[in-house]
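As a plain string of letters, each chain reads:
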Amino acid sequence: MTIRAISGLAALADAADAFLIDQFGTIHDGETPYPGAIETLRTLRAAGKRVILLSNSGRRASNNIHRLAAMGITADCFDASLCSGEVAWQVLRAAPPAYLRRRCRVLLFARDPALDILEGFDIAPVETAEEADLVMIAGSEADRHGYDALWSRMAPAAARGVPAICTNPDRLMLAGGRLHPGAGALAEAYQAAGGTVRWFGKPHADVYDAALALLPGVPHARIFGVGDSLEHDIAGAVAAGCRGLLVRTGIIDGLDDAAVRVEMRRFSTLPDAVAPRFAF
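The following refers to the structure shown. Just so it is clear, the structure is predicted and the values come from calculations on it, not from any experiment.

On to the pairing of strand 9 (residues 172-175), then. Side chains of strand 9 alternate between two faces, with Met173 and Ala175 buried and Leu172 and Leu174 left unburied. Sheet topology places strand 9 next to strand 10 (residues 178-181); four bridges connect them, and they run antiparallel. Across the sheet, the residue bridging to Met173 is His180, located in strand 10. Counted along the chain from strand 9 to the antiparallel partner strand 10, the turn is two residues long, and its residue Gly176 has a positive phi close to 60 degrees.

Here you go:
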């Protein structure tokens, strides 16, 4: 298994017209941009490359753009910012499932209490699984409350057959310098317990369909998905017919070559190249 090792994205300049770039773990740590990340985004655009920020953020696009701007990742750094929460909202508004065509009681799991991903629907937030008509899994607070506490709140809804929507499929999240179970891990457990889950975000097709629609005329083979997750960023890009650049930050920071190869086999996906970090 030989993967091309590169020092930065300049090595891909002749092979790429556009980049689908992950956010958390790739260009920032959730609070601060990684060194050189902002300059790299601007350099790519100055070189004529299209830059789409593609995130598994479970919130709407406006919230995501506001958070990026607060970190100094402003509108001149990218051509578009697309997140799984926004794609979910667009898809659900276009074809609402039966439970969203009427008053719907929603049990939300997220990093904050906002329900902008269900804006425009007739919803009522509830606090217990026994009250819920829908479980919305938009984020994880496992670092704050522990996975077991979150699952105990959610499990009775799965047992009742309450449908769930997951707008952040990440099974791992980095918080406080440590890895914790992400929203995707909760959604996986919900599904394993007999609940039904509708998934939005990388590596699923809806988010790539939306991203590629922003790049009309660009051959998929000249689009690189860039990120720190083989399971999401690389596998999703490859499945969409694009190419992949794995950066060794975020959730794979500290893994040696052998451990990275294990992850490649685990998720049956190979990036076209691997770089130590997001840099030009």
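Attention shifts here to helix 8 (residues 230-239). The buried fraction of helix 8 amounts to eight of the ten residues, a majority that puts the element mostly inside the structure. Restricting attention to buried positions, one finds in helix 8 the residues Leu230, Glu231, His232, Asp233, Ile234, Ala235, Gly236 and Ala237. One or two steps after helix 8, the chain reaches Gly241, where phi turns positive at roughly 90 degrees.

Our next topic: the pattern of salt bridges. Overall, the coordinates contain 19 salt bridges when judged by the stated rule. Arg222 serves as the salt-bridge partner of Asp17, at 2.6 Å between the closest nitrogen and oxygen. Highlighted residues: Asp17 in the loop between strand 1 (4-5) and strand 2 (18-21) and Arg222 in the loop between helix 7 (205-213) and strand 12 (223-227), separated in sequence by 205 residues. The salt bridge involving Glu86 is made with Arg60; its shortest N-O contact spans 2.6 Å. In this pair, Glu86 is assigned in helix 3 (residues 84-94) and Arg60 in the loop between strand 3 (50-55) and helix 2 (61-70), connecting sequence segments 26 residues apart. Residue Glu86 is classed as buried on the basis of its relative accessible area of 9%. Residue class for Arg60 comes out buried when judged on its relative accessible area of 11%. Each of Asp22, Lys202 and Asp233 takes part in salt bridges that share partners, so that together they form one network.

This part takes up the sheet that holds strand 8 (residues 164-166). Strands sit in the order 6-5-7-8-11 across an open sheet of five strands; the sheet is parallel. If you trace the sheet from one side to the other, it starts and ends with strand 6 (123-126) and strand 11 (197-199), each paired once. Direction aside, the axes of adjacent strands within the sheet are offset by 30 degrees on average. As paired elements, strand 8 and strand 11 share three bridges and run parallel to each other. By the bridge assignment, Cys166 is partnered in strand 11 with Trp199. Most of the contacts of helix 5 (residues 147-160) go to strand 5 (residues 104-109), to which it runs at about 150 degrees, and overall it touches strand 5 and strand 7 (134-137). Packed onto the sheet, helix 6 (residues 183-192) meets strand 7, strand 8 and strand 11 and runs at close to 145 degrees relative to strand 11.

The periodicity of an α-helix, 3.6 residues per turn, causes residues three or four positions apart to be oriented the same way. Those residues of helix 2 lying buried are Ala61, Asn63, Asn64 and Leu68. Each buried residue of helix 2 sits inside an arc of 160 degrees when the element is viewed along its axis, so together they form one side. Away from its buried face by more than 90 degrees, helix 2 exposes Ser62, His66 and Ala70. The secondary structure elements touched by the buried residues of helix 2 are strand 3, strand 4 (80-83) and helix 3. With its phi angle positive at about 90 degrees, Gly72 sits one or two positions after the end of helix 2.

Cut-offs and rules
- Residues numbered from 1 in each chain as written.
- Predicted model: local features only at pLDDT ≥ 70, side-chain atom pairs only at ≥ 80, totals over all residues.
- Heavy atoms only, no water.
- Buried < 20%, exposed > 50% of the residue type's maximum accessible area, 1.4 Å probe, protein only.
- Helix = DSSP H or I, 4+ residues; strand = E, 2+ residues; numbered from the N terminus.
- Pairing = 2+ DSSP bridges.
- Salt bridge = Lys/Arg side-chain N within 4 Å of Asp/Glu carboxyl O.
- Axes fitted to C-alpha atoms, helices over the stretch in contact; angles between N-to-C directions.
- Contact = heavy atoms within 4.5 Å.
- Arc of directions from axis to C-beta.

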